[in-house]
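Understanding the architecture of this molecule
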Amino acid sequence: MKRFVTYIYEYDRGIRGRNVGFIRTDIRENLCRMELHIRGLDRVKGKGKVYFTVYDDIPIGVPAADILLSQGIGNLTLACPKNLLGQSGYTVDDIQAVVIQYGNGKLLAGSFVNEPASEILHGEFTEWSRNSVQVKSKPSDVMTSTPAEPLPADPATSAPDNPLSAPAAAATKTEPESSNTDAPAQMKSATIESEAPQASYRKIEITDIRSLPRRNWYLCNNSFLVHGFFNYHYLMLKTVETGNKKQRFLGVPGIYEQPERMMALLFGFPEFEASEESKYSRPQSEKDASGVFGYWMCPLAEE
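A brief look at the structure comes next.

What counts, and at which threshold
- Residues numbered from 1 in each chain as written.
- Predicted model: local features only at pLDDT ≥ 70, side-chain atom pairs only at ≥ 80, totals over all residues.
- Heavy atoms only, no water.
- Helix = DSSP H or I, 4+ residues; strand = E, 2+ residues; numbered from the N terminus.
- Buried < 20%, exposed > 50% of the residue type's maximum accessible area, 1.4 Å probe, protein only.
- Contact = heavy atoms within 4.5 Å.
- Areas by Shrake-Rupley, 256 points an atom, 1.4 Å probe, with all protein chains shown as cover.
- Arc of directions from axis to C-beta.
- Phe/Tyr/Trp six-rings, centres within 6.5 Å; stacked < 30°, edge-to-face > 60°.
- Lys NZ or Arg CZ within 6 Å of the ring centre and 35° of its normal.

Once that is clear, we can look at the overall build of the chain. Helix and strand counts for the chain come out as 6 helices and 15 strands. Looking at the chain as a whole, 46% of its 303 residues qualify as buried. Considering only contacts within the chain whose residues lie at least 6 apart along the sequence, 66% involve residues at least 24 apart. Approximately 16900 Å² of the chain is accessible, and the part contributed by carbon and sulfur atoms is 49%.

On to helix 6 (residues 258-266). Listed as buried for helix 6 are E260, M263 and A264. Down the axis of helix 6, the smallest arc covering the buried residues is 100°, so these residues share one side. Following helix 6 by one or two positions, G268 has its phi on the positive side, about 90°.

It is worth spelling out the side chain of H227 at this point. For H227, the position within the fold is in helix 5 (residues 223-232). Classification of H227 by relative accessible area gives buried; the value is 3%. Not counting the four nearest positions on each side in its chain, H227 is found in contact with V5, Y7, F22, R24 and E260.

Turning next to the packing of aromatic side chains. Across all of its chains, the model carries 11 aromatic pairs by this definition. Note on Y7 and F267: the rings are 5.8 Å apart at their centroids and 55° apart in plane angle, and the pair reads as tilted. One end of the pair, Y7, is in strand 1 (residues 2-12); the other, F267, is in the loop between helix 6 and strand 14 (271-274), with 260 residues separating them in the sequence. Note on F224 and F269: the rings are 5.6 Å apart at their centroids and 40° apart in plane angle, and the pair reads as tilted. Taken together, the residues F224 in helix 5 and F269 in the loop between helix 6 and strand 14 connect sequence positions 45 residues apart. Of note, R39 hangs over the ring of F230, and the distance from its end group to the ring centre comes to 4.7 Å.

Below, the structure is given as structure tokens:
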């Protein structure tokens, strides 16, 4: 099984522009499933045409489905049985980019390889059909499309009586205060406990970033953070207090996997903190962390 995320960008004459969404791909032995999520197309309304583009002596676009865009937002799920691109004879491994054409010649693309053919990113490719392009084989399977389903929520975060993740519950647990203030030993113990790091956790919206110090506002446009928020509909704000000092961290919900780890590092979220209340156990090392739900963390700047 292979799972990865591809970001969707606007392209103008082959030049990459804004990030406007992402594609989550899940490839198994007999099925490839892709979830397309598009946001922020400046109130675009209408249909876009989705192509799987390959390069076979010439750039070819295999029609996949139409995506409905409303107020600049669009969602679509594609399924390729046996990992075949319809009846074209090409497979998922042949894809260079998923291209969405809409409006009057406008183009979006999510690259599956490091450098797709330049013609593809210009929207210059031959649309595959039995009449215009030779069929490599004649499989009976065809691609299907359905409205995008919401991604499964982490069991810990979906529980109605659990507003915080496990680290929060564990960190905010405190012992009852002692009423005996005369014993020096007890006073010393209380001082040590008060200086020990205390962590608290709070779910926030992406718009709440604007309530943080201004030096953190750039995170509103961080593609990795936006992708995580669209998936899980919240972010995690972690506050660690040690004596009079306070340090805050912003967490993006996600599943620990090597491709996701590389993406998190690239976008400035170097640490992963597992959720103890997920159905998965906390990993003891990176080697056994795959599949664990938690938060990709980055430290926040304070005033």
